[in-house]
Amino acid sequence: PGAADLLTLRAARMLGAADDVLYPGTYLDAAVLGHCRPDARLVDTQDLDLDAITAALVDADRDGADVVRLTSGDPSLYSALFEQTRRLDAAGVAWDVTPGVPAYAAAAARVGRELTVPLVAQSVVLTRTQARSTAMPEGERLEAFAATGATLVLHLAVTRTRTLAAELSASYG
């Protein structure tokens with residue numbers, strides 16, 4: 001979730017060994033980079049598209065560098081993981097994905113609440129809202145998920161939190 005002290009031991013170890021670190025400057029606590037070697041090459045990817053990021057990874061691999069690419073969240077959710085690994089495979093670059101602490105787990109811990117409550121909500125829906133990103137499938141409307149009473153974990157929604165809470169609150173009486 002971006003906090004330097006919530007990195008896994010594996011992630012901290014990898015950052016400490018990496019020659020190159022690509023990171024999303026917009027979403028990352030700068031203290032995370034404190035785990036990097038002082039001589040590591042740091043590349044902020046906030047203004048790079050997937051092609052440019054992949055090219056940097058391929059170039060570093062060809063130079064024999066050990067590279068870490070930090071992502072702005074859990075790589076299994078709303079990332080370009082498949083697109084990137086497919087491109088790395090085509091370039092003959094070996095890769096490994098190291099999962100971290102997902103933001104929803106960190107948020108639940110922060111407020112001291114579990115995401116499921118007996119007889120209230122036993123299901124958790126990980127979803128996002130429609131904004132500037134990829135369109136949502138027609139059948140995946142937030143109102144429909146909320147109507148089930150499941151706990152909704154909304155990614156990429158920080159700028160719309162109050163609006164969404166007002167829109168969905170009727171489902172969570």
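See the structure printed just above.
Conventions we followed
Residues numbered from 1 in each chain as written. Predicted model: local features only at pLDDT ≥ 70, side-chain atom pairs only at ≥ 80, totals over all residues. Heavy atoms only, no water. Helix = DSSP H or I, 4+ residues; strand = E, 2+ residues; numbered from the N terminus. Buried < 20%, exposed > 50% of the residue type's maximum accessible area, 1.4 Å probe, protein only. Contact = heavy atoms within 4.5 Å. Lys, Arg positive; Asp, Glu negative; His and termini not counted. Charge placed at Lys NZ, Arg CZ, Asp CG, Glu CD. Axes fitted to C-alpha atoms, helices over the stretch in contact; angles between N-to-C directions. Parallel < 35°, antiparallel > 145°, perpendicular 65-115°, else oblique. Left-handed = near helix turned anticlockwise from the far one by under 90°. Nonpolar A, V, L, I, M, F, W, Y, C, P; charged D, E, K, R; others polar. Pairing = 2+ DSSP bridges. Core = buried A, V, L, I, M, F, W, Y, C linked by side-chain atoms within 4.5 Å. Patch = residues over 30% accessible without salt bridge, like charges linked within 9 Å, V, L, I, M, F, W, Y side chains within 5 Å. Areas by Shrake-Rupley, 256 points an atom, 1.4 Å probe, with all protein chains shown as cover. Salt bridge = Lys/Arg side-chain N within 4 Å of Asp/Glu carboxyl O.

Draft legend 1. View of the overall build of the protein. Along its length, the protein carries six helices and five strands. Put simply, the protein runs from its N terminus to its C terminus through helices and strands in the order α-β-β-α-β-α-α-β-α-β-α. Counting only C-alpha atoms, the protein reaches 55 × 35 × 25 Å along its principal axes. Counting all 173 residues of the protein, 29% fall into the buried class. In the protein, the share of contacts with a sequence separation of at least 24, taken over all contacts with a separation of at least 6, comes to 58%. A distance of 5 Å separates the average location of the 15 positive side-chain charges in the protein from that of its 22 negative side-chain charges.

Draft legend 2. Molecular detail of the packing of helix α2 (residues 50–62) against helix α3 (residues 81–90). Direction vectors running N to C along α2 and α3 enclose 40 degrees, while the axes themselves pass 10 Å from each other. As the angle between them shows, α2 and α3 are arranged oblique. Of the two elements, α2 crosses α3, and the hand of that crossing is right-handed. Residues L50, D51, I53, T54, L57 and V58 of α2 touch α3, and the partners they reach there are E83, Q84, R87 and L88. Tallied by class, residues from the contact of α2 with α3 come to five nonpolar, two polar and three charged.

Draft legend 3. Focus on the sheet that holds strand β3 (residues 67–69). Spatial ordering of the open sheet is given by β2-β1-β3, a layout of three strands whose pairing is parallel. Every interior strand has two partners, whereas the edge strands, β2 (41–44) and β3, have only one. The average undirected angle you get between the axes of adjacent strands in this sheet is 15 degrees.

Draft legend 4. Representation of the side chain of D20 within the structure. Here D20 shows up in strand β1 (residues 20–23). For D20, a relative accessible area of 10% corresponds to the buried category.

Draft legend 5. The arrangement of the nonpolar core in detail. Grouped together as the largest cluster of nonpolar side chains are 12 residues: A4, L15, A18, V21, Y23, L28, V32, L33, C36, A40, V68 and L70. Each residue touching L28, except ones within four places of it in the same chain, is listed here: G2, Y23, L33 and L70.

Draft legend 6. Expanded view of the environment of D59. Mapped onto the elements of the fold, D59 is located in helix α2. Given a relative accessible area of 45%, D59 falls into the partly exposed group. With 34 residues separating them along the chain, D59 and V93 place their C-alpha atoms 9.8 Å apart.

Draft legend 7. Broad picture of the side chain of T127. As for its placement among the helices and strands, T127 is situated in strand β4 (residues 124–128). Residue class for T127 comes out buried when judged on its relative accessible area of 2%. The contacts of T127, once residues within four sequence positions are left out, are Y78, M136, L142, F145, V153, L154 and H155.

Draft legend 8. Region of interest: a nonpolar patch on the surface. Taken together, the side chains of Y78, V124, L126 and L156 present a nonpolar region at the surface, about 330 Å² in accessible area. Its location among the elements puts L126 in strand β4.

Draft legend 9. Fine view of the environment of C36. Assignment of secondary structure puts C36 in the loop between β1 and β2. Of the residues examined, C36 reaches a relative accessible area of 11% and is grouped as buried.

Draft legend 10. Structural context of unusual backbone geometry. The phi dihedral of L119 falls on the positive side, at around 65 degrees, and the residue is not glycine. By the secondary structure assignment, L119 is in the loop between α4 (103–111) and β4.

Draft legend 11. Spatial organisation of the environment of G25. Considering the arrangement of structural elements, one finds G25 in the loop between β1 and β2. In this structure G25 comes out as partly exposed when scored by relative accessible area, which is 24%. Along the chain, G25 and L168 lie 143 residues apart, while their C-alpha atoms are 32 Å from each other. Not counting residues up to four positions away in its chain, the partners in contact with G25 are D44 and Q46.

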